[in-house]
Amino acid sequence: MTNSISEIKDTDFIFAIGTNTTETHPIISLEVKKAIKNGTKLVVADPRKTEMAELADIHISHPSGSDLILLNALANVIITEELYDKEFVEERTENFQELKETVQKYTPEYAEETIGISADTIREVARGYANADKAMILYTMGITQHICGTDNVLAIANLAMLCGHIGKPSTGVNPLRGQNNVQGACDMGGLPNVYPGYQKVVDEKVREKFEKAWGVSLNPNNGLSVGEMMDNAYEGKVKGIYIMGENPVLSDPDANHVEEALKKLDFLVVQDIFLTETAMLADVVLPAASFAEKDGTFTNTERRVQRIRKAINPVGQSKEDWEIICMVATAMGYPMNYDSAEDIMKEIAEVTPSYGGITYRRLEGDGLQWPCPTEDHPGTPYLHKGRFAKGKGSFHAVEFVPPNEETDSEYPFVLTTGRRLWHYHTGTMSRRADGLEWKYPQEKLEINPEDAAKLGLREGDKVKVASRRGEIEIAVHCTDRVPPGTVFGSFHFRESAINKLTNPARDPKAKIPEYKVCAVKIQKLA
Amino acid sequence: MEKVSLTIDGRQVEVSAGTTVLEAARSAGIEIPTLCHDPELTSHGACRLCVVSIEGMRNLPASCVTTVREGMVVHTSTPEVNEARKTILELLLSNHPNDCMICEKSGECKLQEYAYLYGVKEGTFAGEQSNYHPDDSNPMIYRDNNKCILCGKCVRACEEVQGRSILGFANRGFQTKVTPALDKPLSESECVFCGSCISVCPVGALTEKGMMGKGRRWEMKKVRTICPYCGTGCTIELNVKNGEVVGVTSTEEGAVNGRALCIKGRFGYNFINHPDRLKTPLIKENGSLREATWEEAISKVAENLSKIKEEYGSDALATLTSARCTNEDNYIMNKFTRAVLGTNSIDHCARL
């Protein structure tokens, strides 16, 4: 997020696109509710009529995968009607002409024709956003989980930069990150192209710095992303994988392919707190301590680094994750010894500029929001004040790209996937919590009553859902939360493993799979 | 903002216009007892425990709903005020089970605390007592209307913080009670089990069911940490007894969330001490996993990874690090992958 969560309540206009906030980020949705109470206008763009959509002044139900038409049409109105912030565009951005030319054809009328959202609505939303004093865009995976995920994000950035809605309190672009420490895992170099602090792997100076810090020579080439790892494992090029705290057999797209790929490996290590579907395939399983048994830090979606504290001893013989990895490293001839998590944070601060001023002592209380480069820096509640990190902000002219897989007569429904309030990811933790399992023990595929009637389906009926990659059995929930032609299911349940169906086609830049659109057929089971 | 000066218990206090007498007193470090007041919620003025004496006013006004005026002279603890508070407590205890010895809230109960403070042993008003069936309809929130003092904080938290209005007042007079619509149990309501109602309940009317019978509140070690589910980063308190996590509570000090949590944050903790937890390393032999020692497991991992690196090169190896683990864990996995395995093929489920 460029802003802080607490800034949401003070904004004048919220454009929430592809975020089911009340379910995926319930506490952030409370801030949205506070904003609404304060008179903030809320526009929600989501194919599904989520609870957020019900809270909204305007709900735009555009088809899954058509975000670029909508976003470009909004930019079109803002430029055509000269609603943009000319001073901001002049002083702080570049490539405006290119954007102007590209969005020219995405008129509100063109959008109405192609995605069925009225031109008047698009104009109203564009004007509302542009004219607001303080305006925030919120988005989640509804924007990113597409083969054009990166372009979707760039199109959002275009809107914010056009209107100068960035770099001020309660004004900015706010992706809501989905997992407790997904921000931190990215910050700490858990990506194939960057070291900690987003320092590029291919940058020679950066490599030299880490070679010096770690006392080894380092590989100069970018590595493989998770999807590429699986493909390479399937083809026999990757021979060994070490997985810590992940369950790709349920979480990754085209799950059958992932399982086959992992089975082809010469050696698979899985380190986890439970014997997950992925751990069952491992040659060695290493028992890890849970968050309750660890000291350390998590970084939340607003870049706030916060302390987690050990409450109980590790269960059984389990050990903290870092401790296990250090044991393996040492056994492989590279001694890694740390006294504590705090000891590791000292090294993180030394090599990661944005964490440079972070110490455990300073994290007592409310934590610190990065960038926090020095010990006397107070942290950064909102980003891009006065200037962008890279200097001028670039507009990116991005054209609409249709989803990788479209419906046809054999696979007539669009399946879009996501989360439920009641569960979490592959259910490893949440399905072992009595209350959550009591509240929502079984996944149900949301289907519009019109479609259900055509297929002769009633509430709770079991169906077989098949895509070009796999099939599952699941009960149906007939609801107008989904529009006709679209069905929705979560990926929390192994009994109806929705990712056997999803499409592994990826965004070429961010490598994110298109979880939000695949074509399926539905057949009633006797 | 305009400032107002007043005298509270002989002390000069200056506060912004519009402040309540209660807030003014608390800002000066003068404690006034309250049951229905909550700084995060609208003021209700229902319990009357916060009554004070204000010179020139006829009755004893409730300080939580009385705004300060210039020159006001307030006495927070006169014999008259204390007597009024005692009577209120006696009235409350007259229709209360007074079963502190087995009540889950004992030790954290405001009614108990004030009864102690004002020396009120029992209710002195004989008469009818409420006799409701507790709502035991779900594994998360236990609702016992017999203990409810009708302060309405749960009703306001549900409406004002959560925007859900699941709980409301029903009936009139002695029959008044807090209940979901149509007097249904929570399990049949639209409740999302965020437990905000529990976090504001001053008595034992609303309790975390999972913590019942697991120990007295003062025996629990509360460890402040961060919720392991979504990316919001809510502060939670793990309640620990005998080395086991027996419950989760929230605290006003939460940087992001205050006392608010969702169903997963407040009730999703059972996995921690679940019998399915992996307790020893496992090694696959003849197609099935068997228990192993750490020494055996670590050397097997080290040998196999080294062998692949030697035979096929570093890029035949890859790691998945974890958005569920700490920054420190992730940093170490990143260092291990690049410095020891020699590849940059490290990734995690950032994209889902």
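Remember, predicted model here, so these are calculated numbers, not experimental data.

Asks: Got a sec to walk through the overall build of chain B? Specific residues and values, please.
Replies: Scanning chain B from N- to C-terminus turns up eight helices and 15 strands. The globule rule puts the C-alpha radius of gyration for 352 residues at 20 Å, and the 28 Å found for chain B is more than 25% above it. Across its three principal directions, the C-alpha atoms of chain B cover 95 × 50 × 35 Å. Counting the 352 residues in chain B, one finds 51% classified as buried. Considering only residue pairs separated by 6 or more positions, chain B has 57% of its internal contacts joining residues 24 or more positions apart.

Asks: Tell me about the overall build of chain A, residues and numbers included.
Replies: A count of helices and strands for chain A gives 20 helices and 23 strands. Relative to the compact-globule value of 24 Å for 526 residues, chain A shows a C-alpha radius of gyration of 24 Å, a close match. Burial statistics for chain A: of 526 residues in total, 58% are counted as buried. Taking as baseline every contact in chain A between residues at least 6 positions apart, the subset at least 24 positions apart corresponds to 69%.

Asks: Quick rundown of the interface of chain B and chain A? Include the residues and the values.
Replies: Taken together, the contacts link 99 residues of chain B with 115 residues of chain A. Ranked by residue count, the leading element in the side of chain B that touches chain A is helix α8 (residues 327-341) of chain B, at 13 residues. Bridge count between strand β9 (residues 240-244) of chain A and strand β14 (residues 317-320) of chain B: four bridges; the pairing is parallel. The partner of A:I243 across the bridge, within β14(B), is B:L320.

Asks: I'd like a description of the nonpolar core, backed by residues and values.
Replies: Among the nonpolar cores identified, the biggest contains 156 residues, and A:L70, A:L74, A:I78, A:I137, A:I156, A:L159 and B:C154 are the most heavily contacted of them. For this core, the leading source of residues is helix α4 (residues 67-80) of chain A, giving ten residues. Ignoring anything within four residues of it in the chain, the contact list for A:I137 reads A:F15, A:I17, A:I156, A:L159, A:A160, A:V173 and A:N174. Core analysis: the second largest hydrophobic core is formed by 106 residues, A:I241, A:V463, A:V482 and A:V520 among them.

Asks: With reference to specific residues and values, describe α8(B).
Replies: Residue and element names in this part refer to chain B. With 15 residues, α8 extends 20 Å between its outermost C-alpha atoms, agreeing within 8% with the 21 Å of an ideal straight helix rising 1.5 Å per residue. With respect to burial, α8 is a largely interior element, 15 of its 15 residues being buried. Where α8 ends, the next residue or the one after it, G342, has phi of about 85°, a positive value.

Asks: Outline the sheet that holds strand β2 (residues 41-45) of chain A, supporting the account with residue identities and numerical values.
Replies: All names here are of chain A. The sheet built from five strands is open, its strands ordered β3-β2-β1-β5-β6 with parallel pairing. The outermost strands of the open sheet, each flanked by one partner alone, are β3 (58-60) and β6 (172-175). Each strand axis lies, on average, 15° off the axis of its neighbour in the sheet, ignoring direction.

Asks: Got a sec to walk through the sheet that holds strand β19 (residues 471-478) of chain A? Specific residues and values, please.
Replies: Within the closed barrel, the six strands sit side by side as β16-β20-β17-β19-β18-β23 (chain A). Their pairing is mixed. Geometrically, the sheet is characterised by an average inter-axis angle of 45° between neighbouring strands, direction not taken into account.

Asks: How would you sum up the domain arrangement of chain A? Please name residues and give values.
Replies: Looking at chain A, the domain boundaries give domain 1 (5-176), domain 2 (182-223 + 288-369) and domain 3 (413-524). A separation of 35 Å is found between the C-alpha centroids of domain 1 of chain A and domain 2 of chain A.

Asks: Can you tell me about the pairing of β2(A), naming the residues and giving the values?
Replies: All names here are of chain A. Counting buried residues in β2 gives four out of five residues, a clear majority hidden from the surface. Pairing analysis gives five bridges linking strand β1 (residues 13-17) to β2, with the strands arranged parallel. Bridge pairing in β2 places I14 opposite L42. Here β2 runs beside β3; their pairing, made up of three bridges, is parallel. If you follow A45 over to β3, its bridge partner there is I60.

Asks: Explain unusual backbone geometry to me, and be specific about the residues and the numbers.
Replies: All names here are of chain A. For the bond running from W370 to P371, omega is 0°, close enough to zero to count as cis. Phi at R303 takes a positive value of approximately 65°, unusual for a residue other than glycine. You can see R303 is positioned in the loop between β12 (296-299) and β13 (304-308).

Asks: Can you tell me about the pairing of strand β23 (residues 518-524) of chain A, naming the residues and giving the values?
Replies: Both strand β16 (residues 413-418) of chain A and β23(A) contribute to a ladder of three bridges, which runs antiparallel. Counterpart to A:V414 in the pairing with β23(A) is A:A519.

Asks: Before we move on, could you go through the domain arrangement of chain B and cite the residues and values that matter?
Replies: Here chain B is described as being made up of domain 1 (3-77), domain 2 (220-277) and domain 3 (282-347). Averaged C-alpha coordinates put domain 2 of chain B and domain 3 of chain B at centres separated by 30 Å.

Asks: So what about the environment of A:K34? Which residues, and what values?
Replies: Residues and elements named next belong to chain A. As for its position among the elements, K34 is in helix α2 (residues 26-37). A tally of 17 C-beta atoms within 10 Å means that K34 is categorised as partly exposed. Here the alpha-carbon distance between K34 and A526, two residues 492 residues apart in the chain, equals 48 Å.

Asks: Explain the packing of helix α17 (residues 341-351) of chain A against α8(B) to me, using residue names and the numbers behind them.
Replies: In contact at an axis separation of 9 Å, α17(A) and α8(B) are set at 60° when each is read in the N-to-C sense. By the angle class used here, α17(A) and α8(B) are oblique. The element α17(A) and its partner α8(B) pack so that their crossing is left-handed. Between α17(A) and α8(B), the contacting residues are A:A341, A:I344, A:M345 and A:I348 on the first element and B:N327, B:E328, B:Y331 and B:I332 on the second. A per-class count over the contact of α17(A) with α8(B) returns six nonpolar, one polar and one charged.

Asks: Describe the confidence of the model for chain B, with residues and values.
Replies: Scored by pLDDT, chain B has a mean of 96; 100% of the residues are at 70 or more. Across the whole predicted complex the pTM is 0.95, and at the interface the ipTM reaches 0.96.

Asks: Describe the packing of helix α7 (residues 108-115) of chain A against helix α8 (residues 119-131) of chain A, with residues and values.
Replies: Residues and elements named next belong to chain A. At a minimum axis distance of 8 Å, the contact between α7 and α8 shows a crossing angle of 125°. The angle between α7 and α8 places the two elements in the oblique class. Our pair here, α7 against α8, has a crossing hand that is right-handed. For the pair formed by α7 and α8, the contact residues are P108, E109, A111 and E112 on the first element and A119, I122 and R123 on the second. Along the lines of polarity and charge, the residues of the contact of α7 with α8 split into four nonpolar, no polar and three charged.

Here is what the cut-offs are and how they apply
- Residues numbered from 1 in each chain as written.
- Chains lettered and ligands numbered in written order.
- Predicted model: local features only at pLDDT ≥ 70, side-chain atom pairs only at ≥ 80, totals over all residues.
- Helix = DSSP H or I, 4+ residues; strand = E, 2+ residues; numbered from the N terminus.
- Rg over C-alpha atoms; globule rule 2.2 N^0.38 Å.
- Buried ≥ 20, exposed ≤ 12 C-beta atoms within 10 Å, placed from the backbone.
- Contact = placed C-beta atoms within 7 Å.
- Pairing = 2+ DSSP bridges.
- Core = buried A, V, L, I, M, F, W, Y, C linked by C-beta atoms within 7 Å.
- Expected span 1.5 Å × (residues − 1).
- Axes fitted to C-alpha atoms, helices over the stretch in contact; angles between N-to-C directions.
- Domains from an automatic or database assignment.
- Parallel < 35°, antiparallel > 145°, perpendicular 65-115°, else oblique.
- Left-handed = near helix turned anticlockwise from the far one by under 90°.
- Nonpolar A, V, L, I, M, F, W, Y, C, P; charged D, E, K, R; others polar.
- pLDDT = per-residue confidence, 0-100.

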